[in-house]
Amino acid sequence: MSRRNARGKTARPAVPALTADTPCPCGLDAPYGSCCGRFHAGPATAPTAELLMRSRYSAFVARDEPYLLRTWAPRTRPAEVDFDPALRWTGLDIEATGDGTAFHQHGTVTFRARFRQGGADGELHERSRFERHEGAWVYVDGDFLD
């Protein structure tokens, strides 16, 4: 949720510092710049549904709304992403993938994303659905598990 400051302007949540050399938040053993950062920064697209899932997780960490909206299926895309300033993403584990490679049009990724909010630890367990749109992988929707 966004908050308003004393002048009535929407206060943006503090964004974690990610540099090209920072370890990538997605959990792969690579620096952000050559991992998810390359997808966030430019025309490169994730070649698999799993890499798109990882890059979207990193975009939530970085609060990169343009990337999240760009990689969301048009038919399910919200008008904006509402970041909770009290929430900090703390880790990602991929449990399973189904299809989602260069040879597929659809795929699924089951994951656990850990977070800290209001002094308490939490976890999002989801099976996300992905599809190709104009040749690129996009997030469609997901089912919460547990």
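One can find the structure itself at the top, above this paragraph.
Residues numbered from 1 in each chain as written. Predicted model: local features only at pLDDT ≥ 70, side-chain atom pairs only at ≥ 80, totals over all residues. Heavy atoms only, no water.

**Details of the overall build of the chain**
Right, so step 1: When its secondary structure is counted, the chain shows 3 helices and 6 strands.
Right, so step 2: Listing the helices and strands of the chain from first to last along the sequence gives β-β-α-α-α-β-β-β-β.
Right, so step 3: Looking at the chain residue by residue over its 146 residues, the buried ones come to 38%.
Right, so step 4: Sequence separation of 24 or more characterises 43% of the internal contacts of the chain that already satisfy a separation of 6 or more.
Right, so step 5: Of the roughly 8400 Å² that the chain leaves accessible, carbon and sulfur atoms contribute 52%. (Helix = DSSP H or I, 4+ residues; strand = E, 2+ residues; numbered from the N terminus. Buried < 20%, exposed > 50% of the residue type's maximum accessible area, 1.4 Å probe, protein only. Contact = heavy atoms within 4.5 Å. Areas by Shrake-Rupley, 256 points an atom, 1.4 Å probe, with all protein chains shown as cover.)

**Brief notes about the environment of Thr 48**
Right, so step 1: Within the fold, Thr 48 resides in the loop between α1 (36-41) and α2 (49-62).
Right, so step 2: As for Thr 48 and Glu 131, which are separated by 83 residues in sequence, their C-alpha atoms are 9.9 Å apart.
Right, so step 3: Aside from chain neighbours lying at most four places away, what touches Thr 48 is Gly 100, Thr 101 and Trp 137.

**What to know about the environment of Glu 95**
Right, so step 1: Locating Glu 95 in the fold gives a position in strand β3 (residues 87-99).
Right, so step 2: In this structure Glu 95 comes out as partly exposed when scored by relative accessible area, which is 41%.
Right, so step 3: For the pair Glu 95 and Arg 112, spaced 17 residues apart in the sequence, the C-alpha separation amounts to 7.4 Å.
Right, so step 4: Those residues in contact with Glu 95 that lie beyond four places of it in its chain are Thr 110, Phe 111, Arg 112 and His 125.
Right, so step 5: Side chain to side chain, Glu 95 and Arg 112 meet in a polar contact 2.4 Å long. (Polar contact = N/O pair within 3.5 Å; in protein donor to acceptor, adjacent residues only side chain to side chain.)

**Section: the nonpolar core**
Right, so step 1: Residues Leu 52, Met 53, Tyr 57, Val 81 and Phe 130 are the most contacted members of the largest nonpolar core, which totals 21 residues.
Right, so step 2: Looking at this core, the elements that each hand over two or more residues are α2, α3 (65-70), β4 (106-117) and β6 (136-144).
Right, so step 3: Residue contributions to this core peak at 6 residues, all from α2.
Right, so step 4: Non-local contacts of Phe 130, meaning those with residues more than four positions away in its chain, are made with Ala 49, Leu 52, Met 53, Arg 56, Gln 105, His 106, Gly 107, Val 109, Trp 137, Val 138, Tyr 139 and Val 140.
Right, so step 5: Counting residues in hydrophobic clusters, the runner-up holds 5 residues, among them Cys 24, Tyr 32, Cys 35 and Cys 36. (Core = buried A, V, L, I, M, F, W, Y, C linked by side-chain atoms within 4.5 Å.)

**Here's the deal with α2**
Right, so step 1: Over its 14 residues, α2 runs 20 Å from end to end, which matches the ideal 20 Å to within 8%, given 1.5 Å per residue.
Right, so step 2: Counting buried residues in α2 gives 11 out of 14 residues, a clear majority hidden from the surface.
Right, so step 3: All buried positions along α2 are accounted for by Ala 49, Leu 52, Met 53, Arg 54, Ser 55, Arg 56, Tyr 57, Ser 58, Ala 59, Val 61 and Ala 62.
Right, so step 4: Looking at the buried residues of α2, the elements they touch are α1, α3, β3, β4, β5 (120-133) and β6.
Right, so step 5: A positive phi of about 55 degrees marks Arg 63, the residue just after α2. (Expected span 1.5 Å × (residues − 1).)

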